[in-house]
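Below are the chains, spelled out letter by letter.
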Amino acid sequence: MVGEGKSKEYIGNISLMNIDWFSGTAELGIFIGNKDYWGKGYGSDAIRTVLRFAFLQLGLRKVFLRVMGSNFRAQRCYRKVGFKEVGRMKAHLLKNGEYEDMVLMETFKEEFAT
Ligand SMILES: CC(C)(COP(=O)(O)OP(=O)(O)OC[C@H]1O[C@@H](n2cnc3c(N)ncnc32)[C@H](O)[C@@H]1OP(=O)(O)O)[C@@H](O)C(=O)NCCC(=O)NCCS
């Protein structure tokens, strides 16, 4: 991912992982390294672009993701672009000495507004 403007600065990564061509699914991962770029719409913009590619170019049916229960910024971003929470694994991940939930979210091609 690169930012806007003349600098075209590299700000993070977005990827489709674990693609299952038979079932038509993939897992989304995203990371913007520089906190100055959080909460400015870059994440949702990049995800919409990748979902468009996943559904319209790759022909996938569903994209899912995993996110920590305390990562409210990420969850808000995912909801904005159409992901819905479909499951929650309780006390699944150890972070800063505490066990946290892991939230499962997904979105289907039919729900994606091009
Ligand atoms: C998660 C991430 C990709 C989202 O990208 P982004 O560019 O920050 O997201 P956007 O700006 O598109 O959307 C964020 C939304 O969360 C809101 N938000 C910001 N901080 C929040 C908080 N603490 N709690 C709830 N919502 C919050 C923003 O206001 C925005 O919503 P809005 O457009 O309705 O105002 C990015 O923040 C990031 O890379 N974070 C660090 C790594 C990470 O958490 N990766 C995801 C792992 S699953």
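The numbers attached to residues start from 1 for each chain and follow its sequence in the written order. Reporting of local features is limited, given that this is a predicted model, to residues whose pLDDT is at least 70; pairs of side-chain atoms are given and counted only at 80 or more, and all residues count toward the totals for whole chains, interfaces and linings. With hydrogens and water excluded, all non-hydrogen atoms of the structure serve as input to the side-chain values.

- Going by the annotation in an unreviewed UniProt entry, the name recorded for the protein is GNAT family N-acetyltransferase, with Candidatus Fermentithermobacillus carboniphilus given as the source organism.

**Some thoughts on the site of the ligand**
Line of reasoning, step 1. Whether a residue is near a molecule or strand depends on its heavy atoms: if one lies within 4 Å, it is near. Ile 32, Gly 39, Gly 43, Ser 44 and Arg 76 are the nearest of the 20 residues found near the ligand.
Line of reasoning, step 2. Polar contact criterion, stated in full: a pair of N or O atoms within 3.5 Å, where within protein one must be able to donate a hydrogen and the other to accept it, and residues adjacent in sequence count only if both atoms are side-chain atoms. Contact distances for the ligand include 2.7 Å between an oxygen atom and a backbone N or O atom of Ile 32.
Line of reasoning, step 3. One nitrogen or oxygen atom from the main chain of Tyr 42 is found 3.5 Å from an oxygen atom belonging to the ligand.
Line of reasoning, step 4. Contact with the protein chains hides 71% of the accessible area of the ligand, taken as 950 Å² for the molecule alone.
Line of reasoning, step 5. A run of DSSP states H or I qualifies as a helix once it reaches four residues; a run of E qualifies as a strand once it reaches two. Both are numbered from the N-terminal end. Elements represented by at least two residues in the shell around the ligand include exactly β2 (25-32), α1 (42-57), β3 (62-68) and α2 (72-80).
Line of reasoning, step 6. Broken down by element, the residue count for the shell around the ligand peaks at seven residues, all from α2.
Line of reasoning, step 7. Residues are grouped as follows: nonpolar covers Ala, Val, Leu, Ile, Met, Phe, Trp, Tyr, Cys and Pro; charged covers Asp, Glu, Lys and Arg; every other residue, Gly included, is treated as polar. Among the residues making up the shell around the ligand, the classes are represented as ten nonpolar, five polar and five charged. Note on areas: Shrake-Rupley with a 1.4 Å probe; residue coverage comes only from the protein chains shown.

**Some remarks on the sheet that holds β3**
Line of reasoning, step 1. Taken together, five strands build an open sheet; the order of strands is β1-β2-β3-β5-β4 and the sheet is mixed. With partners counted over all chains shown, the strands left at the sheet margins are β1 (12-20) and β4 (84-95), one partner each. Within this sheet the neighbouring strands show an average axis-to-axis angle of 25 degrees, counted without direction.
Line of reasoning, step 2. As paired strands, β2 and β3 are joined by three bridges and run parallel to one another. When the bridges of β3 are listed, Ala 26 appears paired with Val 63.
Line of reasoning, step 3. Residue contacts are defined here by distance: any two heavy atoms, one from each residue, within 4.5 Å place the two residues in contact. Orientation is described by lines fitted to C-alpha atoms, with helices fitted over the stretch in contact, and by angles between N-to-C directions that extend from 0 to 180 degrees. Those strands touched by α2 are β2, β3, β4 and β5 (98-108), and its axis lies near 160 degrees from that of β3. Pairs of strands are assigned from DSSP output, requiring at least two bridges between the strands.

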